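Chain and residue survey
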Amino acid sequence: MKKNKISKFCLYAAIALLLSFSGISHARTPVNVPLRYEVATNISTIPSSALAPWPVFHRIDALSFSSRVGLQTISGDYWERSENPFSIGYTAQSQELINAANGNYAVYNDIDLGSGVEALMLRVALPSGTHTVEVRTGSASGSILGKCTINSTGSESTYRTVRCPLSISLAKGKHNLVIRFIGTNSRMRFNWFAFWARNTLQKIDEIQKIQPDSVNKGAPIIPIAGSPVRTLNLLPTSSEILGKSYGMWSPGKAWECPKWMHDTYWTKGEDGKVYPTWHPPVDFNPETNTYCTYGHEHGDDPRSSEVFNIAGMPAFGYVNEQLATNNPSSPSLHRHEDHFGHKVLVANNWRMYDAQDSSKTTTCDVSLKLHMGTHSPDALANTAHEMFVSGKCDGHEPFNLKHFALFGVPGSFIESQAPLCTLPVTSGITPNPINQPRGGFHRAIPTAECYVRGTQDEQSSAVIRRNIEFWLTDFAGRSFYFAVTNPSRFYNASSSTKISRTVDACYNSSHPLSKTLMCQETLAAGSKVTWDDPRSPFRGSVHSGSHFSGLAFGNSPNSIVYTDAYGKNARTSPVPDLGITFKQRVPVQGFSYKVDAQASIFPTADYSAFGTNGVRAPN
């Protein structure tokens, strides 16, 4: 984009950050003051590194040894790319250690085990036989921390992630670990080891999200280190009017941030009410002098959009609030959406072409906010989900839309778009509100039946595709696609809640998911992993394949129009009796642009940063 455009963005972002995001200008008594609050530190800004008390995933390459005896380096099998289990970026052919037998060993110095580790997980391949692996401290003759048996994986190109329990506790902090291999088959390969540990030192700006370089650049991470520590003064004042969606979140784990900190992230909607808004997944807790996690994430930082000034911070629940306001006597018409499901996607500098003349191109910036209920029964029944789309294409006027997106027939969806699936499903759950219109396209959601359909080979080969949740709707004149590859639940008609937890399938050896890399790591993690444990890989945090096909607007008599809650029946002025009260900003001069193939795709991103920032289900 042009330089003056970027500088204006920076100015607007700075102003919005001070006035609407931080709440610094409010000096009166805040609402939601906790009953007990003690400042445990005089730290005024977020430190660049601190302890993270939740379980943090650490993966260590076998070749990062400090010393080795008898082990040799070799190129691994081409398809062994387990260092990158969610396919966030391209992983080249790895190098590994071979001759992992006959008492040979590797020493890894200064391994931070935090306040304790239940088990190591070892990534190995053993063509035949049975080997033993010892984990020692200090040296090859040091104390044995743990011992495990490695059974044959079938070939040297067939890898398995194996649990190696640690039975002896170590003092908190860093240790020198020795991994020693006992057996006679020198063709055994060792790729990496990993573990989950609490209270390890982390760098806050490195645990926001993980994304690769791609055709389209991912939204940049705005550094948190050095920012002011959250304080009670950032809460809304007692004179503010609170939206129904504000203040709904509470911590669910001991290491999560206090409720008051979460409530300091708010913005005002166009109705003047206070709403929750985007916040980082991790923060610094002044009560404990450690980092804390909110346990969920909201996608990209809206401030990273080059057109942030158009819409500012998104007011989560604003559309729901207006629907309730317009129907005060009919509670059944109200829409409630859980806080976790609000996700932001930012697209900067995307090249698009004119739908009528592909030789004419422009560059567009778009910021999206969609509510995706990927953990609860909500998405199984409801077709209406709050969506915001704002942005600008060079040479055209800006737009800012807020209304419900529709995803097919209320109360139903289709199975995952995978071989032998895609069948329609009636959820058996009553939509809320009950009068949601049919529109958009559909949601494709994993189901218990889809996973086990077909032969065992068909189940195995398609299991990853059958685990993808895919949402498709129309908005701003074109199609928008949203995909999550690690949802925490799937539809199960035989369950009283109609949902089952994906991670539980890992503990069912007959289920196709149990053989996947994600389940191998789950089984090797230590104690049993529950659905709301940060150690579960099924956190609803990996977005892959999300994209939109274009933007299209017709000519408008005015840049401000009003619609109903579903973006229909546009008028140049509100018509409250018809529910036409939702303010929309549109270009007066219409346009139609498209974007194809890779140019339309948001980079794959893991907003749990490979399990380092404490994000978990529900998310």
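This write-up is about the structure you can find in this document. Treat the numbers as computed from the prediction; the structure is a model and nothing was measured. (Residues numbered from 1 in each chain as written. Predicted model: local features only at pLDDT ≥ 70, side-chain atom pairs only at ≥ 80, totals over all residues. Heavy atoms only, no water.)

**Regarding the overall build of the chain**
The secondary structure content of the chain amounts to eight helices and 36 strands. Relative to a compact globule of 619 residues, whose C-alpha radius of gyration would be 25 Å, the chain shows 26 Å and is just as compact. Out of the 619 residues in the chain, the part that is buried amounts to 58%. In the structure as shown, the chain presents an accessible area of about 24,300 Å², 52% of it carried by carbon and sulfur atoms. (Helix = DSSP H or I, 4+ residues; strand = E, 2+ residues; numbered from the N terminus. Rg over C-alpha atoms; globule rule 2.2 N^0.38 Å. Buried < 20%, exposed > 50% of the residue type's maximum accessible area, 1.4 Å probe, protein only. Areas by Shrake-Rupley, 256 points an atom, 1.4 Å probe, with all protein chains shown as cover.)

**What about the packing of aromatic side chains?**
Considering all chains together, one arrives at 22 aromatic pairs under this definition. Ring centres 5.6 Å apart and planes at 35 degrees place the aromatic pair Phe404 and Tyr566 in the tilted group. Remark: Tyr566 occurs in the loop between β33 (560-563) and β34 (582-585) and Phe404 occurs in strand β21 (residues 399-408); sequence separation between them is 162 residues. Exposure class is identical for Phe404 and Tyr566. Each is buried. Grouping aromatic residues by their ring pairs yields a cluster made of Trp350, Phe475, Phe480, Phe548 and Phe602. Over the ring of Tyr78 we find Arg81, and its NZ or CZ is 4.5 Å from the ring centre. (Phe/Tyr/Trp six-rings, centres within 6.5 Å; stacked < 30°, edge-to-face > 60°. Lys NZ or Arg CZ within 6 Å of the ring centre and 35° of its normal.)

**Quick look at the side chain of Ser514**
Tracing the sequence through the fold places Ser514 in the loop between β29 (499-501) and α8 (517-523). At 3.3 Å, the side chain of Ser514 forms a polar contact with the backbone oxygen of Asn508. For Ser514, the side chain forms a polar contact with the main-chain oxygen of His511, separated by 2.7 Å. (Polar contact = N/O pair within 3.5 Å; in protein donor to acceptor, adjacent residues only side chain to side chain.)

**Some thoughts on the state of the cysteines**
Evaluated as defined, the whole model comprises five disulfides. Two residues share a disulfide in this structure: Cys148 and Cys164, whose sulfurs sit 2.3 Å from each other. Across the S-S bond of Cys148 and Cys164 the torsion is about -95 degrees, and the bridge reads as left-handed. Separated by 16 residues along the polypeptide, Cys148 in strand β9 (residues 144-151) and Cys164 in strand β10 (residues 160-165) bring together distant segments of the chain. The exposure classification of Cys148 matches that of Cys164, with both residues buried. Covalently, Cys421 is tied to Cys450 through a disulfide, its sulfur atoms 2.0 Å apart. (Disulfide = S-S within 2.5 Å.)

**Describing the layout of surface pockets**
There is about 690 Å³ of room inside the largest pocket. Surrounding the largest pocket, 26 residues form its lining, Asn84, Pro85, Phe86, Ser87 and Leu517 being those nearest its centre. For the second largest pocket, the calculated volume is near 470 Å³. Taken together, 29 residues make up the lining of the second largest pocket; nearest its centre are Leu401, His403, Ala476, Thr563 and Gly567. (1 Å grid on protein atoms, 1.4 Å probe; cavity = no way out; pocket = protein on both sides within 12 Å on 5 of 7 lines; lining within 4 Å. Points joined across faces, edges and corners; volume = space filled by probe spheres on them.)

**Digging into the environment of Ala311**
Inspection of the secondary structure puts Ala311 in helix α3 (residues 308-311). In this structure the C-alpha to C-alpha distance between Ala311 and Val389, which are 78 residues apart in sequence, comes to 8.9 Å. Those residues in contact with Ala311, other than ones at most four positions away along the chain, are Ser390 and Asn400. (Contact = heavy atoms within 4.5 Å.)

**Quick look at the sheet that holds strand β3 (residues 67-69)**
With antiparallel pairing, five strands are arranged side by side in an open sheet as β3-β6-β11-β8-β9. Across the chains shown, the open sheet's two edge strands, defined by having one partner strand only, are β3 and β9. Put simply, the sheet's adjacent strands are angled 20 degrees from each other on average, direction ignored. For β3 and strand β6 (residues 105-112), the ladder comprises three bridges, and the chain directions are antiparallel. Within β6, the residue paired with Val69 across the bridge is Tyr105. (Pairing = 2+ DSSP bridges. Axes fitted to C-alpha atoms, helices over the stretch in contact; angles between N-to-C directions.)

**Quick notes on a nonpolar patch on the surface**
On the surface, Tyr78, Trp79 and Tyr90 cluster together to form a nonpolar patch covering roughly 460 Å² of accessible area. Along the chain, Tyr78 falls in the loop between β4 (72-75) and β5 (95-98). (Patch = residues over 30% accessible without salt bridge, like charges linked within 9 Å, V, L, I, M, F, W, Y side chains within 5 Å. Salt bridge = Lys/Arg side-chain N within 4 Å of Asp/Glu carboxyl O.)

**Quick word on the nonpolar core**
Within the largest apolar cluster, 34 residues are counted, with the highest numbers of intra-cluster contacts made by Phe480, Phe482, Phe548 and Leu551. Elements supplying a minimum of two residues to this core: β18 (342-354), β19 (361-371), β20 (384-393), β21, β26 (469-475), β27 (478-484), β32 (550-553) and β35 (591-594). Those residues in contact with Leu551 that lie beyond four places of it in its chain are Met352, Cys364, Val366, Cys393, Phe399, Ala476, Arg478, Phe480, Phe591, Ser592 and Tyr593. (Core = buried A, V, L, I, M, F, W, Y, C linked by side-chain atoms within 4.5 Å.)

Just geometry here; none of it tells us what the structure is for.
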